[in-house]
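If you want the building blocks of each chain, they are given just below.
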Amino acid sequence: MTLSLIPASQRRTLGEIDERLDFSIGDRAAKRSAFWLMLTLSGIIAVSGVVADSTATVIGAMIVAPLSTPILGVGLGIVTGRGRLVLASLGYVLAGVVLVTILGVVFAQLLPNPTNVLANSQVLGRTSPTLVDLLAALATGMAGAVAITRRDVGDVLPGVAIAISLVPPLGVVGVCLGSGAPSLALGAFVLFASNVVAMIITSLVVLTIAGYGREAAEEPVGERHSRPSRRRAYAVLAIALVVVTVPMVANSLSSLWSRQIATAADSWLHSSGDDTSEVTGVSWTGDTVTVSVLSPPDLPPIEELQTTVDELVPWNPEVVVVHTVGERSAAG
C-alpha cells in the first residue's frame, strides 16, 4: 500500500515536509509574511468574487489562498507527535478565519443594498452543504496530502486548492454576517469546517501510511516531550466530523425531499388534466414546506398533496401552497 501510494523514489523526507508546513523552520519571517500577505489578498479576491457573483474571480482566490498549509501542518503535528506544531498551525487557521470573515463583513457594509448579494449563486452554492460536499472534501484532502508527500505530483496542488475551497466559504460567512443573515453564514461555515476536518483526517491517513510517524519517533527526543495524546486528537476529530456531518445530512435529506415533493406536486397539479400548470419552487421553513405553483385559478384539493407529502416525509410537515394565477397566450 505504501509503495503504491508513496513510492520511495518520490517520497519527500520528514525534513522536506517540515520545511513546507512548519512556519517556525527556515526563514520564519519570510514564511509568515508570505502567508499573511497571500491570505489577505486571497480574502479580498474571494469576497470581491462573491459580491460580484464572479466564479472566475472566486477561483482565483482559491489558487492564491495559503490556508491549506497550516491545515496540513495540524495533521503533520499529530502524526509526528509535536504538540507545538499542532497548536501553532491551529492558531494560523483560526486567525485566518477571523481575517477573511472580517473582510467579508467590511465589504458587505460598503454595498448599497447588502441583502441583494444573498441571492447570488456564489452565496447560495455555499450555504447548504451536503454529504456530496463532504465526500468531495475527503477525496480532495487525500489528493492534497499525497501531493505534499510526493515530489512528482506537486503540480496538482493548484487543482487541490480550487477543489477544497477554503477561503471563499469564509468570505461568504463574512458577507452573510454583514448582510444580517446569520443562518446563511452558519451554513457557509459548516462547508469551511467540513473541508478543514476532511483535510486533517486525510492528511493523518496519508502521512501515517507514508511512515512519517515512525521517522519522527527515530529522531532525538527534543520537543517530543510535548507529544500530544493521539487518542485525544483522534477523539476531537471524530467529534468535529460528527458535528459537521449532522447538518450536511439534514441538507442532503432536505434536498432529496424537496425534489420528491416537487415531483409529487407536479403530478398533483396535472391530475386534473391541465398541462399549463407548473411548480416554480419548493422551500422549507421549520415544519412547513411551501410549494409555489403557477396555474389557472382552480387547483386540485390541497389535501391530496398533503397526503402524498405525509407519505414521503417522516414527520408529516404542513404543506402551504403559494398559488400564482396565470395563463399562457400566444401572439396572433
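Below or above, wherever it landed, is the structure these notes cover. Please read all numbers here as calculations on a predicted model, not as lab measurements.

Points about the overall build of the protein chain
Move 1: Along the protein chain, the regular secondary structure elements total 14 helices and three strands.
Move 2: Taking the principal axes of the C-alpha coordinates as reference, the protein chain spans close to 80 × 45 × 35 Å.
Move 3: Here the protein chain, with 332 residues, has 43% of them falling under the buried criterion.
Move 4: Expressed as a percentage of contacts within the protein chain between residues at least 6 apart in sequence, the contacts between residues at least 24 apart total 75%.
Move 5: Positive and negative side-chain charges in the protein chain, numbering 19 and 25 respectively, have mean positions lying 24 Å apart.

Details of the sheet that holds strand 2 (residues 288–295)
Move 1: Spatial ordering of the open sheet is given by 1-2-3, a layout of three strands whose pairing is mixed. Only two strands of the sheet have a single neighbouring strand rather than two, namely strand 1 (278–285) and strand 3 (318–325). Here the average twist between neighbouring strands, direction ignored, is 20°.
Move 2: As paired strands, strand 2 and strand 3 are joined by eight bridges and run parallel to one another. Bridge pairing links Ser292 to Val322 in strand 3.

Focus: the environment of Gly49
Move 1: Tracing the backbone through its elements, the reader meets Gly49 in helix 3 (residues 28–52).
Move 2: With 122 residues separating them along the chain, Gly49 and Gly171 place their C-alpha atoms 9.2 Å apart.

Thoughts on the packing of helix 3 against helix 4 (residues 55–64)
Move 1: Remark: helix 3 packs on helix 4, axes separated minimally by 7 Å, with the N-to-C direction vectors making an angle of 165°. By the angle between their axes, helix 3 is roughly antiparallel relative to helix 4. Between helix 3 and helix 4 lies a crossing whose hand is left-handed. Residues Met38, Ser42, Ile45, Ala46, Gly49 and Val50 of helix 3 touch helix 4, and the partners they reach there are Thr57, Val58, Gly60, Ala61 and Val64.

Notes on the pairing of strand 1
Move 1: Summarising the sheet, strand 1 and strand 2 pair through seven bridges and their orientation is antiparallel. Across the sheet, the residue bridging to Trp284 is Val289, located in strand 2.
Move 2: Linking strand 1 to strand 2, which pair antiparallel, is a turn of two residues; within it Gly286 sits at a positive phi near 65°.

Observations concerning the nonpolar core
Move 1: Residues Leu67 and Phe192 are the most contacted members of the largest nonpolar core, which totals 45 residues.
Move 2: When residues of this core are assigned to their parent elements, the largest contribution, eight residues, is made by helix 11 (residues 182–209).
Move 3: Those residues in contact with Leu67 that sit more than four places away from it in its chain are Phe35, Leu39, Tyr92, Val93, Leu166, Val167, Leu170 and Phe192.
Move 4: Ranked by size, the runner-up nonpolar core spans 16 residues in total, among them Val50, Val58, Val175 and Ala181.

Things to note about the pattern of salt bridges
Move 1: Under the definition given, this model contains six salt bridges.
Move 2: With a closest N to O distance of 2.8 Å, Arg151 and Glu16 form a salt bridge. Residue Arg151 is located in the loop between helix 8 (131–149) and helix 9 (157–164), and its partner Glu16 is located in helix 2 (residues 14–21); the two are separated by 135 residues in the primary sequence.
Move 3: Salt-bridge contacts for Asp152 lead to Arg150; the nearest nitrogen and oxygen are separated by 2.8 Å.
Move 4: Of the residues examined, Arg150 reaches a relative accessible area of 14% and is grouped as buried.

Looking at the environment of Leu170
Move 1: Its location among the elements puts Leu170 in helix 10 (residues 167–178).
Move 2: Given the relative accessible area of 0%, Leu170 is considered buried.
Move 3: Sequence separation between Leu170 and Gly43 is 127 residues; the distance between their C-alpha atoms is 8.3 Å.
Move 4: In contact with Leu170, not counting residues within four places along its chain, are Leu67, Gly96, Val97, Val100, Thr101, Phe189 and Phe192.

Focus: the packing of aromatic side chains
Move 1: Summed over all chains, the structure comprises nine aromatic pairs.
Move 2: An angle of 55° between the planes, with centres 5.8 Å apart, marks the rings of Trp284 and Trp315 as tilted. With Trp284 in strand 1 and Trp315 in the loop between helix 14 (302–312) and strand 3, this pair connects stretches of sequence that are 31 residues apart.
Move 3: Clustering of aromatic rings is evident, with ring pairs tying together Phe23, Phe35, Trp36 and Tyr92.

Basis of the calculations
Residues numbered from 1 in each chain as written. Predicted model: local features only at pLDDT ≥ 70, side-chain atom pairs only at ≥ 80, totals over all residues. Heavy atoms only, no water. Helix = DSSP H or I, 4+ residues; strand = E, 2+ residues; numbered from the N terminus. Buried < 20%, exposed > 50% of the residue type's maximum accessible area, 1.4 Å probe, protein only. Contact = heavy atoms within 4.5 Å. Lys, Arg positive; Asp, Glu negative; His and termini not counted. Charge placed at Lys NZ, Arg CZ, Asp CG, Glu CD. Pairing = 2+ DSSP bridges. Axes fitted to C-alpha atoms, helices over the stretch in contact; angles between N-to-C directions. Parallel < 35°, antiparallel > 145°, perpendicular 65-115°, else oblique. Left-handed = near helix turned anticlockwise from the far one by under 90°. Core = buried A, V, L, I, M, F, W, Y, C linked by side-chain atoms within 4.5 Å. Salt bridge = Lys/Arg side-chain N within 4 Å of Asp/Glu carboxyl O. Phe/Tyr/Trp six-rings, centres within 6.5 Å; stacked < 30°, edge-to-face > 60°.

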